[in-house]
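# Fold and geometry: a report
This is what each chain is made of:
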Amino acid sequence: MCVKKLNLLLTIVLIALLVLLLYGATQSGPRIVFVDVNRITQEYTKMVELNRRYSADVSYYQSKLDEMSKELEEMRNRGASQAELERKQAEILARKQQYEQILQSEYEPKMKQILEEIAQKIDKYAKMMGYDYILNKAALVYGDDAYDITNQLIGFLNAQ
C-alpha cells in the first residue's frame, strides 16, 4: 500500500511539474527594454539637422547683436550722452528679445514635430520587435546593458 501511495504522489508531482513547465513556456513575462533618450535626440538625423540650422541662426543673430554692442562701445568712446547710450542699450535689449522670439516661434514647433515623430517611430519599433515596454534609461536605477536598445533604435529611426 505504501508503494501505491508513493507512486500516486510521484505521479501527482510529475503532473504538477509538467503543468508548471508548460504554463511557464507559454506565459513569459513582459518584454522590457530601455533606451538613452538623450542619445536618441542627439543622434537622430532630423534632430541633428534642426540643431545645425538653429545654431547657424543663433550665430547670425548673435553677430547682429555683437555689431550693435560694438556701436555702443564706439558711442561710449566718442563721449555720447547718457541718454544716447541708454537708447542704444534699450535697442540692443529689444533686438535680443525680438531675435529670441523669432527663434522660439520658428524652432519650437519644428522641435515638437520631430519629438512626436520619434515617439511614433518608437511605438512602431516596439510593436515590430514585440516589446511591451521601452523605458527611459535616465529613469532607471539599474538596467543590464543587454536590455539597452539605444543603438538599434537610432539605426531604425535614421533608416526611416
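See above for the structure.
Residues numbered from 1 in each chain as written. Predicted model: local features only at pLDDT ≥ 70, side-chain atom pairs only at ≥ 80, totals over all residues. Heavy atoms only, no water.

### Focus: the side chain of Glu 117
Within the secondary structure, Glu 117 sits in helix α4 (residues 82-129). Overall, Glu 117 belongs to the buried group, its relative accessible area being 18%. When sequence neighbours within four positions are dropped, the list of residues in contact with Glu 117 reads Tyr 44 and Lys 46. (Helix = DSSP H or I, 4+ residues; strand = E, 2+ residues; numbered from the N terminus. Buried < 20%, exposed > 50% of the residue type's maximum accessible area, 1.4 Å probe, protein only. Contact = heavy atoms within 4.5 Å.)

### Examining the environment of Asp 132
Mapped onto the fold, Asp 132 is located in the loop between α4 and β2 (133-136). Ignoring anything within four residues of it in the chain, the contact list for Asp 132 reads Gly 29, Pro 30 and Arg 31. For Asp 132, the side chain forms a polar contact with the main-chain nitrogen of Arg 31, separated by 2.7 Å. (Polar contact = N/O pair within 3.5 Å; in protein donor to acceptor, adjacent residues only side chain to side chain.)

### Focus on the environment of Phe 156
Within the element layout of this structure, Phe 156 appears in helix α5 (residues 150-159). Residue class for Phe 156 comes out buried when judged on its relative accessible area of 11%. Along the sequence, Phe 156 and Ile 122 sit 34 residues apart, while their C-alpha atoms lie 8.9 Å from each other. Dropping the residues within four chain positions of it, Phe 156 is found in contact with Lys 121, Lys 124, Tyr 125 and Met 128.

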